[in-house]
Amino acid sequence: RARCSPQPMPAPQVPVPSMDRIDRMVAPVVAPEVREAMRALSRPVSADIRAQLASMGGPSRERQDTAATARQVAALIAALGDADAEVRRVAAHSLGQLEDRRAVPALINALHDADAEVRHQSAWSLGQLEDRRAVAPLGVALGDADATMRQTAAWALGQLDQKSAVVALSGALRDSSDEVRGVAAWAIGTLGPDHPPAALLDAVKDAAPDVREKGAWALGSIADAAAVPALKAALGDDARDVRKAAL
């Protein structure tokens, strides 16, 4: 039966850099378009903002691939090399909102940025782009020193629809952060491997109720006989949400 996914993480929000910073990072011919794109894309994408973006060529993957869009993407990729971390953050986030896969190699590079928030935004954008080239780099990012970055990398791997990511995500189920472990469990359930990894079977015994809940949901989503004993045990959990997820 269909199961409701406990979506673990909303899209991140980043501050909008001042207009003079944006002006100096883009070529004059595209500055007005990119400036408006970054203003809109760095805020939550409401229906009216989506309408504005549609009028300028994004973010739909079915849009016509225009020269103007190519210039926008090129300008934002160039901005990932800006000296100002604030500019790099918004550029990374904007590339994810535009959903143009030409940005994938640059965003993979940005996973090594010195600024943790740039790395976080780049990982989120790679999840938005759903390109399998990001599987291995995001797997490496699960070892990042910043817990928020590791959480975002786990979320992004869950977006990629590549079962090869399950091995790296299984390792993340032993992360020191409750949030990272919870998102890793969710991501494995979303990817739907044929058999649950041993670490996921153990997740229903985690000290954190949220991890146990997502672990139970993931085991139920995989629907393999090997998960039955763990799910039965979860039905006796002290936390109501865990019991509900195990049903």
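The preceding data block contains the structure.
Residues numbered from 1 in each chain as written. Predicted model: local features only at pLDDT ≥ 70, side-chain atom pairs only at ≥ 80, totals over all residues. Heavy atoms only, no water.

Caption draft 1: Representation of the packing of helix H11 (residues 178–191) against helix H13 (residues 209–222). Where H11 meets H13, the axes come as close as 8 Å, and the angle between the chain directions of the two elements is 10°. In terms of orientation, H11 lies roughly parallel with respect to H13. Contacts between H11 and H13 involve Asp178, Arg181, Gly182, Val183, Ala185, Trp186, Ile188, Gly189 and Thr190 from the former and Asp210, Val211, Lys214, Gly215, Trp217, Ala218, Ser221 and Ile222 from the latter. The residue makeup of the contact of H11 with H13, split by class, is 8 nonpolar, 5 polar and 4 charged. (Axes fitted to C-alpha atoms, helices over the stretch in contact; angles between N-to-C directions. Helix = DSSP H or I, 4+ residues; strand = E, 2+ residues; numbered from the N terminus. Parallel < 35°, antiparallel > 145°, perpendicular 65-115°, else oblique. Contact = heavy atoms within 4.5 Å. Nonpolar A, V, L, I, M, F, W, Y, C, P; charged D, E, K, R; others polar.)

Caption draft 2: Just the side chain of Arg119, in detail. Take Arg119: it is sitting in helix H7 (residues 116–129). On the basis of relative accessible area, Arg119 is assigned to the buried category, the value being 11%. In terms of polar contacts, Arg119 uses its side chain to reach the backbone carbonyl oxygen of Ala114, at 3.4 Å. (Buried < 20%, exposed > 50% of the residue type's maximum accessible area, 1.4 Å probe, protein only. Polar contact = N/O pair within 3.5 Å; in protein donor to acceptor, adjacent residues only side chain to side chain.)

Caption draft 3: Representation of the packing of aromatic side chains within the structure. Tallied over the entire structure, the rule returns 1 aromatic pair. Summarising the aromatic geometry, the rings of Trp124 and Trp155 are spaced 6.4 Å apart at their centres and angled 10° between planes, so their arrangement reads as stacked. A residue pair is termed long-range when its members are at least 10 positions apart, and Trp124 in helix H7 and Trp155 in helix H9 (residues 147–159) qualify at 31 residues. When sorted by exposure, Trp124 lands in the same class as Trp155, which is buried. (Phe/Tyr/Trp six-rings, centres within 6.5 Å; stacked < 30°, edge-to-face > 60°.)

Caption draft 4: Structural context of the pattern of salt bridges. Taken as a whole and judged by the stated rule, the model has 12 salt bridges. Measuring nitrogen to oxygen at the nearest pair gives 2.8 Å for the salt bridge that ties Arg88 to Asp113. Here Asp113 lies in the loop between helix H6 (104–110) and H7 and Arg88 lies in helix H5 (residues 85–98), a separation of 25 residues in the sequence. Each member of the pair, Arg88 as well as Asp113, is classed as buried. Within this structure, Asp178, Arg181 and Asp206 form a network of salt bridges that share partners. (Salt bridge = Lys/Arg side-chain N within 4 Å of Asp/Glu carboxyl O.)

Caption draft 5: Focus on the environment of Asp113. Given the relative accessible area of 12%, Asp113 is considered buried. Each C-alpha atom of the pair Asp113 and Ala85 lies 9.2 Å from the other, and the pair is 28 residues apart in sequence. Here the side chain of Asp113 touches Asp115 through a polar contact of 2.8 Å, landing on its backbone nitrogen.

Caption draft 6: Here's a closer look at the nonpolar core. Membership of the largest hydrophobic core comes to 63 residues, with the highest contact counts inside it found for Leu107, Leu126, Leu138, Leu157, Leu169 and Leu200. With 8 residues, H11 is the single largest residue contributor to this core. Setting aside anything within four residues of it in sequence, one finds Leu200 in contact with Leu173, Ala185, Ile188, Gly215, Ala218, Leu219 and Ile222. (Core = buried A, V, L, I, M, F, W, Y, C linked by side-chain atoms within 4.5 Å.)

Caption draft 7: Geometry of unusual backbone geometry. Residues other than glycine seldom take positive phi values, yet Glu130 does so here, at roughly 50°. Using a relative accessible area of 36% as the deciding quantity, one classes Glu130 as partly exposed.

Caption draft 8: Molecular detail of H11. End to end, H11 covers 20 Å across 14 residues, agreeing with the expected 20 Å (1.5 Å per residue, within 8%). In terms of burial, H11 is largely enclosed, as 11 of its 14 residues are buried. Buried within H11 are the following residues: Val180, Arg181, Gly182, Val183, Ala184, Ala185, Trp186, Ala187, Ile188, Gly189 and Leu191. Gly192 sits one or two residues past H11 and shows a positive phi near 65°. (Expected span 1.5 Å × (residues − 1).)

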